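# Residue-level structural notes
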Amino acid sequence: ASLFLSPMDPLRQPPSPCSPRPSSPRTPSCEMLGYVGIEAVLDQLKIKAMKMGFEFNIMVVGQSGLGKSTMVNTLFKSKMWKSTLPGLGVPTPKTLQLQSVTHVIEEKGVKLKLTVTDTPGFGDQINNDKCWDPILGYINEQYERYLQEEILITRQRHIPDTRVHCCVYFVPPTGHCSLRPLDIEFLQRLCQTVNVVPVIARADSLTIEEREAFRRRIQHNLRTHCIEVYPQKCFDEDVNDRILNSKIRERIPFAVVGADREHLVNGRCVLGRKTKWGIIEVENMAHCEFPLLRDLLIRTHLQDLKDITHNIHYENYRVFRLNKSHVLPRGPGWVNLAPGPAPSPASPQATPRTMKVCRWTQDNSDDEC
Amino acid sequence: MHELLPAHQRKWRETAGAATAIGAMVSLYAQESRHLCFQRPTPQGSQAQDKEYVGFAALPNQLHRKSVKKGFDFTLMVAGESGLGKSTLINSLFLTNLYEDRQVPEASARLTQTLTIERQGVEIEEGGIKVKLTLVDTPGFGDSVDCSDCWLPVVRFIEEQFEQYLRDESGLNRKNIQDTRVHCCLYFISPFGRGLRPLDVAFLRAVHEKVNIIPVIGKADALMPKETQALKQKIRDQLREEEINIYQFPDCDSDEDEDFKRQDAEMKESIPFAVVGSCEVVRDDGPRPVRGRRYSWGTVEVENPHHCDFLNLRRMLVQTHLQDLKEVTHDLLYEGYRARCLQSLARPGARDRASRSKLSRQSATEIPLPMLPLAETEKLIREKDEELRRMQEMLEKMQAQMQQNHAQGEQSDAL
C-alpha cells in the first residue's frame, strides 16, 4: 500500500520536527459489521498515482570507467547514456562536472520521470582534495530550490521535486584492500545529507570468495567510521521493516556488473558480458548481485527512498536553514530566510555548516519592514 | 640447448604446469650464439672442416659456464595503485610466495601514510642457474586523497642506486660492486580507467628516462576482448602523445627464422601486456590442472595466450630480454645519469686543465655527487651558452656589414 503514497498525498500527516517518521495516530479498531468498501481507497490512490506519475532522482558517483553509465542503462533497461569503450568516449574533464539527464519511462501504464545525475571527473585527478564539494553543493541546491518553493504564499499544487533521492557510490574492486581514504571521506560527508547506496563496481574481476572478503572488510570500515548507508538502521519503523532491512544490510555493498548488450545463452537472450572464458549474465544471482540492487532501488524501496529524503534529509536541511536565519518568523506569517547559497553548480559549494550567516542589523530590519 | 647443461635439480616449488621459467634463460644464450652458428665440436667432421676449425666457436660455452658460476642479479620494481594484482602477478611470474605474510593496512592508517619503498630479495635457482632477484615495491602509491608529488620518493630511490653505483665504479676497490640499480619497472595500469590517468602520466614522465618501463594492464580478466584492444590502443596513443619512452624491444635480426620473427612481432603488438595473475591451481575436468581463477561463469587460465598476455610477459621479462634490460640500464640510462652528473661537476673547473686531471685521480673517491638540482644547473649552463653563441653571431654579422660598407665606400671613392 505504501507504494502508492505520493509526497503530495493529502492523507499524509505533517511530521513533527522531533519524530523521525510520521506516526499514525493510535485509534482503537472497531468491529466491522459488514462490508463497507474501505479497501477501495487503495484503488483510488492507485488511479491518482498513475495519473500523476512518479518522479525519481538518482545520482551516480565514482571514478571514471567503473561502469556507472552502463549500470544506469542496465537498471532501467533503456539507453539513458551512451556507454562507451575506453578511448572512444569524451575525455574525462579536468574538474568535476555534474551532468543531469531526464527521461520519462513508462511501464504498464505507470509513468516514471527519471533524472540521472552523473559526476564525471570524480576522483580522477592527482589531487582529489575537496572533490566532494561540488556534489554536496548540488544536493543542497536542490533542497534549497524545494525550500524556496515551499515557503511561498501561493504554492504550486505539485512542487517539482529535483532533490536527489538516492546516491549510488561505486567502489573500485580492489579486492583485498579496505576502502580508500577518498571513499571514506566522501561517504562520511554524504551519508549525512542523502541516501547513499555503495556498490562494488565491475565485480566480474572478483571471485565469490574475494567478494565476500571484500564485503566484510567494507562493512567493517563503515562501522569503524560510523558511516550509515541506506537502509539506515535508525529509520526502521517496525519489526517487519527491521527484518527485511537487516537482510539487505548483510549484503551491502552489492557486487554488481552492468551490461547493455544481449547474448544468447542456452536459447535465452540475456544481458551480459562475453569473454573468452564464459558469459557473465547480469541477471543471474550466481554471477553477480545486480538483481538485488535493482530490487532495492526500484521494486521494493523506491518509495521508501523518497520518503526518507523528504522526511529526514530535507527536514534536516530546512531546520538548519531556519536556524541560521532569523529564528522567529517576522511579518505576516512567512519566514524570512537569510540569503541562501548562490546557485552555481560549477563552483565548489560549501556545505550548510560552513554557510555564512547573515546577521540582521538594525538597518536591515528597518529596510525589510 | 638443454643438452649443454648437466641435469641439476630444480630447487623451487613444483607447481603443476610450471613451465621452465628462469631455467630457460639458457635460451638467451641460444639467441646470442645463433649468429655464431654454434655447433658442438664433433669429432666426426670432414677433414677439410677440421683444418679450418679454430675452435673459438666454443666461446659462448665458456661465457655460459662463467655466468652460471657467477649467477645473475636482477632488480625489478613494481609500481601502481593498490588492488591491481601486483603481488599476485609477481608470485605467479616467479612461482614464489614473496607476499605471504603481508599485512594490508586499514584505511585510517593510510590516511596519513606516505609512499614507502620496500625492498625484498630472494634467491631462485633453476637448472643450476642462480638468480638473485630483488623486488622493489611501492606500497601506498596513489592511495591518498592528495597524491601530488607522491612519485618523488621513487625517483629519489632510483637515482640513489645510480649514485651508489657511480661511487662504487669511481672507487678504488672495484672487485665486488653490488649492482642495485633498478633494471626494470613494471607499471600497473588500472583496467577500469579510460587509458592512462593523470597520476599515471605524471609518474611515467618522472621516471621514463631513468628506468626501463614496461606498462602492464593488471586484472585484465575484467575486460572483454574488444575492450582490451581499445584500452591498449588508447594507452599506446597516450604514451606517444605524452612522449613517454617505454622500454623498446630490440628488433630481431634479419637472419632469424620466421617463427621467431612472428613471435617477436606478436609480442611487440601486445604492449601494454594485459595480464592476470594467480597462484591457485584449478583442477577442472580438462586434461591437466591449470593455474587460474575460477568464476561461476568460467575459468580464466593464466597461461592461456587467448585469455591474457601472461605468457608473453614472462617470456619477455625472464626468458628473452632479461639480459637486454640490464644492458640498456647500464649502457643507456646509467651512462646518461653519469654524463649529466660529471658534466655538471666538470663545468666549473673546465678552464683549468690541471685541476681537471686532479679531479680524475685524487678526488675520485670524494666526488661530491650533486643531488637533484642537476637538471636546473644544466639548464642554466645551456642558456648561458646559447646567449654567448647568439652574441657572437651578432658580432660577426656586424663585422661583416662594416666590412661591406667599407668596401662599398672604397669603390664609390674610386669611382
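Each value, and the rule that gives it
Residues numbered from 1 in each chain as written. Chains lettered and ligands numbered in written order. Predicted model: local features only at pLDDT ≥ 70, side-chain atom pairs only at ≥ 80, totals over all residues. Heavy atoms only, no water. UniProt positions renumbered as here; feature names shortened; annotations may be inferred. Salt bridge = Lys/Arg side-chain N within 4 Å of Asp/Glu carboxyl O. Helix = DSSP H or I, 4+ residues; strand = E, 2+ residues; numbered from the N terminus. Buried < 20%, exposed > 50% of the residue type's maximum accessible area, 1.4 Å probe, protein only. Pairing = 2+ DSSP bridges. Contact = heavy atoms within 4.5 Å. Axes fitted to C-alpha atoms, helices over the stretch in contact; angles between N-to-C directions. Parallel < 35°, antiparallel > 145°, perpendicular 65-115°, else oblique. Nonpolar A, V, L, I, M, F, W, Y, C, P; charged D, E, K, R; others polar. Buried area = accessible area lost by both parts, 1.4 Å probe. Polar contact = N/O pair within 3.5 Å; in protein donor to acceptor, adjacent residues only side chain to side chain. Phe/Tyr/Trp six-rings, centres within 6.5 Å; stacked < 30°, edge-to-face > 60°. Lys NZ or Arg CZ within 6 Å of the ring centre and 35° of its normal. Core = buried A, V, L, I, M, F, W, Y, C linked by side-chain atoms within 4.5 Å. Patch = residues over 30% accessible without salt bridge, like charges linked within 9 Å, V, L, I, M, F, W, Y side chains within 5 Å. Areas by Shrake-Rupley, 256 points an atom, 1.4 Å probe, with all protein chains shown as cover. Left-handed = near helix turned anticlockwise from the far one by under 90°. pLDDT = per-residue confidence, 0-100.

Labelled according to an unreviewed UniProt entry, chain A appears under the name Septin-12, originating from Camelus dromedarius. The heading Subcellular location (unreviewed entry) in the UniProt record of chain A holds the text "Cytoplasm, Cytoskeleton". Its UniProt record gives chain A a comment under Sequence similarities (unreviewed entry), which states: "Belongs to the TRAFAC class TrmE-Era-EngA-EngB-Septin-like GTPase superfamily. Septin GTPase family."

### Quick notes on the pattern of salt bridges
Residues and elements named next belong to chain A. Counted under the stated rule, the structure contains 39 salt bridges over all chains. We note a salt bridge from Lys113 to Glu55, for which the minimum N-O separation is 3.8 Å. With Lys113 in strand 3 (residues 110–118) and Glu55 in strand 1 (residues 54–61), this residue pair connects regions lying 58 residues apart in the sequence. Between Glu289 and Arg215 there is a salt bridge; the shortest N-O distance is 2.8 Å. Taken together, the positions of Glu289 in the loop between strand 9 (278–281) and helix 7 (290–300) and Arg215 in helix 5 (residues 208–224) put the pair 74 residues apart, joining distant regions of the chain. With respect to burial, Glu289 and Arg215 carry one shared label: buried. What you see here is one network of salt bridges that share partners, running through Lys77, Glu283, Arg294, Asp295 and Arg299.

### Some thoughts on the sheet that holds strand 1 (residues 72–79) of chain B
Across a sheet, paired strands are connected by hydrogen bonds in the backbone, their directions being either parallel or antiparallel. Residue and element names in this part refer to chain B. Across the sheet, six strands lie side by side as 2-3-1-4-5-6; this open sheet has mixed pairing. Of all strands in the sheet, those with a lone pairing partner are strand 2 (118–126) and strand 6 (273–274), marking the two edges. Here seven bridges tie strand 1 to strand 3 (residues 129–137), and the two strands are oriented parallel to one another. Looking at strand 3, one finds that Leu76 is bridged to Leu135. Its contacts with the sheet place helix 7 (residues 198–207) against strand 1, strand 4 (184–189) and strand 5 (213–217), and it is angled at close to 170° to strand 4.

### Considering helix 4 (residues 181–190) of chain A
Where burial is concerned, most of helix 4 of chain A is hidden: eight out of the ten residues are buried. Looking at helix 4 of chain A, one finds that the buried residues are A:Pro181, A:Leu182, A:Asp183, A:Ile184, A:Glu185, A:Phe186, A:Leu187 and A:Leu190.

### Quick look at the packing of helix 3 (residues 133–150) of chain A against helix 8 (residues 302–324) of chain A
All names here are of chain A. The N-to-C vectors of helix 3 and helix 8 enclose an angle of 80°; their axes lie 10 Å apart at closest approach. The angle between the axes of helix 3 and helix 8 places the two elements in the roughly perpendicular class. Of the residues in helix 8, those touching helix 3 at Asn140, Tyr143, Glu144, Tyr146, Leu147, Gln148 and Glu150 are Thr309, His310, His313, Tyr314, Tyr317, Arg318 and Arg321. A breakdown of the residues in the contact of helix 3 with helix 8 according to their chemical character gives five nonpolar, five polar and four charged.

### Looking at the interface of chain B and chain A
Each partner contributes to the interface: chain B provides 46 residues, whereas chain A provides 50 residues. Taken together, both faces of the contact between chain B and chain A bury some 4,200 Å²; the carbon and sulfur share is 57%. Of all residues in chain B, the largest losses of buried area upon contact with chain A belong to B:Phe192, B:Arg194 and B:Trp297, amounting jointly to 21% of the total for that side. Counting across the interface, chain B meets chain A through three salt bridges. Here chain B and chain A share eleven residue pairs in polar contact (both at pLDDT 80 or more) between them. If you list the elements that add at least two residues to the side of chain B that touches chain A, you get helix 5 (107–111), helix 7, helix 8 (225–241), strand 8 (290–295) and strand 9 (298–301) of chain B.

### Concerning the sheet that holds strand 7 (residues 281–282) of chain B
All names here are of chain B. Here three strands make up an open sheet; going across it, the order is 7-8-9 and the pairing antiparallel. Single-partner strands in this sheet number two, and they are strand 7 and strand 9. Relative to strand 8, strand 7 runs antiparallel, the two sharing two bridges. Residue Val281 lies in a different strand from strand 8, and its bridge partner there is Arg291.

### Observations regarding the packing of aromatic side chains
Considering all chains together, one arrives at 14 aromatic pairs over all chains under this definition. Note on B:Tyr187 and B:Phe203: the rings are 5.0 Å apart at their centroids and 20° apart in plane angle, and the pair reads as stacked. Placement of the pair is B:Tyr187 in strand 4 and B:Phe203 in helix 7, with a sequence separation of 16 residues. Neither residue differs from the other here; B:Tyr187 and B:Phe203 are each classed as buried. Through pairs of rings, three or more aromatic residues link up here, namely A:Tyr143, A:Tyr146, A:Tyr314 and A:Tyr317. The ring of A:Tyr146 has A:Arg163 sitting right over it, with the charged end atom 3.7 Å from the ring centre. Sitting over the face of the ring of A:Tyr314, A:Arg163 holds its NZ or CZ atom 4.8 Å from the ring centroid.

### Points about the nonpolar core
Counting 161 residues, the largest nonpolar core has B:Leu186, B:Phe203, B:Ile214, B:Phe273 and B:Leu317 as the members making the most contacts within it. When sequence neighbours within four positions are dropped, the list of residues in contact with B:Phe273 reads B:Ile214, B:Pro215, B:Val216, B:Ile217, B:Phe249, B:Met267, B:Asp309, B:Asn312, B:Leu313 and B:Met316.

### Here's the deal with a nonpolar patch on the surface
On the surface, A:Val36, A:Ile38 and A:Val41 cluster together into a nonpolar patch covering about 270 Å² of accessible area. Considering the arrangement of structural elements, one finds A:Val41 in helix 1 (residues 40–52).

### A closer look at the packing of helix 3 of chain A against helix 4 of chain A
Residues and elements named next belong to chain A. Interhelical geometry of helix 3 versus helix 4 gives an angle of 15° and a closest axis separation of 11 Å. With respect to their mutual orientation, helix 3 and helix 4 come out roughly parallel. Handedness of the helix 3/helix 4 crossing: right-handed. Contacts between helix 3 and helix 4 pair Ile135, Leu136 and Ile139 from the former with Phe186, Arg189 and Leu190 from the latter. Tallied by class, residues from the contact of helix 3 with helix 4 come to five nonpolar, no polar and one charged.

### Notes on the pairing of strand 8 (residues 268–275) of chain A
All names here are of chain A. Bridge count between strand 7 (residues 262–265) and strand 8: four bridges; the pairing is antiparallel. Across the sheet, the residue bridging to Glu262 is Leu271, located in strand 8. Taken together, the four bridges between strand 8 and strand 9 define a ladder with antiparallel strand orientation. Following the sheet pairing, Gly272 is matched in strand 9 by Glu281.

### Section: the confidence of the model for chain B
Detailed reading of the predicted coordinates is not advisable wherever pLDDT is low. All names here are of chain B. Across chain B, the average pLDDT comes to 76, with 74% of residues at or above 70. Contacts of residues 1–45 to residues separated by more than four positions or lying in other chains number 77 contacts, the stretch itself having pLDDT below 50. Below pLDDT 50 for its whole length, residues 349–367 participates in ten contacts with residues either more than four positions away or in separate chains. Listed scores for the predicted complex are pTM 0.74 and ipTM 0.75.

### Some words on the side chain of B:Thr75
With respect to the secondary-structure elements, B:Thr75 resides in strand 1. Taking relative accessible area as the criterion, B:Thr75 reaches 4% and is therefore assigned buried.

### Some thoughts on unusual backbone geometry
The linkage connecting A:Ile252 with the following residue, A:Pro253, adopts the cis geometry, with an omega of -5°. Mapped onto the elements, A:Pro253 comes out in the loop between helix 6 (239–251) and strand 6 (254–255). Along the chain, B:Ile271 connects to B:Pro272 via a cis peptide bond; the corresponding omega equals -5°. Positionally, B:Pro272 belongs in the loop between helix 9 (258–269) and strand 6. A positive phi angle, near 55°, is found at B:Glu243, a position not held by glycine. Structurally, B:Glu243 can be placed in the loop between helix 8 and helix 9. Classification of B:Glu243 as exposed rests on a relative accessible area of 62%.

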